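Coordinate inspection notes
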Amino acid sequence: MPSKFQTPRISVREAFYNAAGPVALSNRNLLQFAIPSYALILISNPGRLGGSFLEWFFIATGAYFATVAVLILARETVLAGPDRGSRPLLTTLALLLAGFARGFAVWGVGSAFELISPTELLYRLYAGPFFVFGAVATLAIYNASKDRHDVVIADLEQQKAALDSMRKNMHGQVAQQQAELLAKAQEILIPVVDQLRRGLRSQDLSKLAPKLRDTIEEVVRPLSHEIGRATSATEAALENASKGFAVRSRGRFPTKVSVGQMVVPSLTTFGSASVTLTVPAAITNGWPMYTAAIAVLLCWLVTRAAQKLLRNWWVSPIAASFAVAAVMALTVIITGLTLNLVGLAVTSVTLMQYLTMLLLLALLGFAMQIVRTQRHDAEVQMAKVLGELSVLTAQLRQELWLNRRRVASVIHGPIQSALYASAIRLSQEQVKSAAYIEAIEADIVGALKKLETIEEQESFDEVLNQIKTMWDGVIELNLPPLNTDWADRVRENPVVTACFTSVIRESVSNAAKHGKATKVWVEVEQTEEHILQLKIVNNGVALENTLVPGFGSSILDEVSLGWRLYNTDNGATLEIKVPI
C-alpha cells in the first residue's frame with residue numbers, strides 16, 4: 001500500500017520574506033515572469049477588444065520589457081547585491097513602479113494600434129501594479145522554496161558522505177589512536193623502567209625506594225592524567241563532524257498526497273488579486289472595485305474550505321492535480337453565480353479568462369507543494385538515517401574514549417601500583433635477596449607489558465588474584481567470597497568486570513599511598529537487581545579535609561552510580577554503587 005506523504009503548512013512570514021528577497025529580481029524569476037505576462041494579455045484581450053494575435057503579441061512584448069526594465073534598474077541601484085537580504089518596502093515600491101510602467105506600456109502600444117480606448121488608461125494603471133506585484137512575488141516564493149531545497153540537498157550529501165566515510169574507517173581510526181597512545185606511553189615509560197631495573201642491580205637499594213616514588217609522582221601519574229583527559233585529533237574531528245547536521249535531502253517522489261494540502265489558499269488568493277476582473281469588469285459592468293473584492297473574497301473562502309474538507313482525501317499526485325483544477329473551476333462557477341445575483345455579471349469569456357489564470361496559479365502552487373512534500377519526506381527519512389549514523393558516531397567516540405581510558409588505567413593502575421608496591425617493599429625489607437630483587441623486577445616488567453596486551457580481556461578472578469599478589473607483603477587484602485550469584489554476574493559481563501576490578505585496584509592503591517594502610521577489607525552486597533554496593537574499609541590514617549580529587553576520583557565517577565569516601569575511627573571507608 002502506497003505511503004501517505006505529508007505536506008507541511010506554508011509559513012506566511014517566510015513566504016513574504018522570500019517574495020521581498022534577492023530571488024524576486026533575479027534573472028531566472030524575471031524570465032519566468034514572461035509566461036504570465038504574455039499569457040494575461042494574449043488570453044484576456046483579443047476576444048474582447050479584437051485585433052490580430054501579432055498585434056497583441058507586440059503589445060505584450062512592450063509590456064514585458066517595460067516591466068523588466070524598471071525591475072532591473074531597481075536591482076542594479078537601490079536593491080543591488082545578491083546577499084542584500086529581504087527588503088520588503090523597497091521591493092514592493094519597485095514592483096509597483098514596474099506595474100505602472102507595464103500598464104502605461106499596454107495602454108500606449110494598444111492605443112497606437114487603435115485597439116485600446118484612451119478611457120482605459122486609469123484601469124490599466126490600476127491593474128498593472130497589482131498584476132506585477134502578484135505575479136513576481138508568487139514566482140519568487142516558488143523559486144526561493146526550490147532554491148532552499150537544492151541548497152540543503154547539497155549540504156546534506158556532503159555531510160552524509162563525511163559520516164559514511166567515518167563509519168567505514170571506524171576500526172582503522174580506533175587502531176590508529178591506540179597505536180599512537182601506546183607509542184607515547186612506551187616512549188616515556190620504557191626508558192624509566194629500564195633505568196629502575198638497572199638500579200635494582202647497581203645502586204644502593206635504600207636510595208631506590210624514594211626514586212620509585214619520585215618516578216610515580218613525576219612521570220607515571222602525570223602521564224596517566226594526560227592520556228586519560230586529552231582529546232585526540234580523531235575525536236575532535238568526529239565532534240565537529242557531528243554538529244549542525246541539516247536533516248534534509250531530495251526525498252522520494254510522492255505516491256499519495258492529500259488533496260487539501262495541495263490547495264494553497266493564501267498563494268492562490270494573493271495571485272488572483274493581481275489578475276481579478278479589473279479592466280474587463282470596468283467595461284462590462286462598470287464596477288471593477290466591487291467585482292474584484294467579491295472575486296478575491298470568494299477565492300479565499302472556496303479554496304480555504306476545499307483545503308479543510310479535502311485534507312483527508314489521499315490520492316496520487318496526478319489525481320490530486322485534477323482535483324485542484326476542479327477546485328479552481330468551482331471557484332470560478334461560484335464567483336460567476338454570485339456576481340450575477342448581486343447585479344455585477346461578467347461575460348462567460350471573462351470568466352474563462354479568469355479560470356485560465358487561476359489554473360496557472362494553482363499549477364504553480366501545486367508544483368511548490370510537491371517540492372515541499374519531497375523535502376518534508378526527506379527530513380523524516382534523513383532523520384532516521386542520521387539517527388543511525390549518530391549511534392555509530394557515538395559508538396566510535398566511546399571506543400576512542402575507552403582506548404584512552406584503557407591506556408591511562410593501565411598506567412594509573414597496574415604500572416603505578418607495581419612501582420608503588422615495589423617502593424614500599426624496598427623501604428621495608430632489611431635483607432634483600434637476589435630472588436626478592438628478581439620478584440620486584442618481574443612485577444615492574446609485568447606491569448609494563450600490560451600496555452602491549454590491552455586488547456586481551458582478563459577474567460574477573462585473574463585480575464583479583466593479580467591485585468592480591470601485587471600487594472602481597474605490603475597490604476593484607478581481604479576479599480569477599482566469590483562463589484556467589486553476584487560474582488557470577490560480574491564474570492559474565494566484561495564491562496562490569498573492568499569496572500569492579502578498577503574500583504578495588506584504585507581503593508587498595510589509595511589506601512596504601514594516602515592512608516599508609518596495612519589492611520583492606522572488601523564487602524559486597526547486591527542491593528538491587530542491577531546494582532552492587534561495595535564497601536571497602538582500610539586501617540590507614542584519616543583523610544585530609546583538603547584532599548583534592550585526582551584521576552582516581554574520575555575513574556570512580558565514570559564506573560559507578562555514586563560513591564562516598566569518609567573517615568572512621570579505625571581508618572577510612574569507601575562506599576560505591578556499581579551497576580551490573
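With that settled, the discussion passes to the pairing of strand 7 (residues 562–568). Pairing geometry for strand 7 and strand 8 (residues 571–579), over 7 bridges, is antiparallel. Within strand 8, the residue paired with Thr 568 across the bridge is Gly 571. Where strand 7 hands over to strand 8, the hairpin turn is made up of 2 residues, counted between the paired strands.

Turning our attention to the sheet that holds strand 6 (residues 531–538). Sheet strands associate in pairs through backbone hydrogen bonding, adopting either a parallel or an antiparallel arrangement. Here 5 strands make up an open sheet; going across it, the order is 4-5-6-8-7 and the pairing mixed. Looking at the sheet topology across the chains shown, the edges are occupied by strand 4 (476–478) and strand 7. Pairs of neighbouring strands in the sheet enclose a mean axial angle of 15°, with direction left out of account. Two strands pair when backbone bridges link them, and strand 4 and strand 5 (residues 519–528) are joined in this way by 3 bridges, in the parallel orientation. Bridge pairing in strand 5 places Asn 478 opposite Trp 521.

The next thing to look at is the confidence of the model for the protein. Averaged over all residues, the pLDDT of the protein is 76; the fraction at 70 or higher stands at 66%. Here residues 241–250 is modelled with pLDDT under 50, and outside its nearest four sequence neighbours on either side it reaches 33 contacts, counting other chains as well.

If you check the backbone angles, Glu 114 has positive phi at about 55° while not being a glycine. With respect to the helices and strands, the residue Glu 114 is situated in the loop between helix 6 (88–112) and helix 7 (121–168). Positive phi, close to 50°, is recorded for Lys 516, a residue that is not glycine. The residue Lys 516 is located in the loop between helix 20 (494–513) and strand 5 in this model.

With 25 residues, helix 6 extends 36 Å between its outermost C-alpha atoms, agreeing within 8% with the 36 Å of an ideal straight helix rising 1.5 Å per residue. Looking at helix 6, one finds that the buried residues are Thr 91, Ala 94, Leu 95, Ala 98, Gly 99, Arg 102, Gly 103, Ala 105, Val 106, Trp 107 and Gly 110. Positioned one or two residues after helix 6, Glu 114 has a phi angle of 55°, which is positive.

Rules of the game
Residues numbered from 1 in each chain as written. Predicted model: local features only at pLDDT ≥ 70, side-chain atom pairs only at ≥ 80, totals over all residues. Heavy atoms only, no water. Pairing = 2+ DSSP bridges. Helix = DSSP H or I, 4+ residues; strand = E, 2+ residues; numbered from the N terminus. Axes fitted to C-alpha atoms, helices over the stretch in contact; angles between N-to-C directions. pLDDT = per-residue confidence, 0-100. Contact = heavy atoms within 4.5 Å. Expected span 1.5 Å × (residues − 1). Buried < 20%, exposed > 50% of the residue type's maximum accessible area, 1.4 Å probe, protein only.

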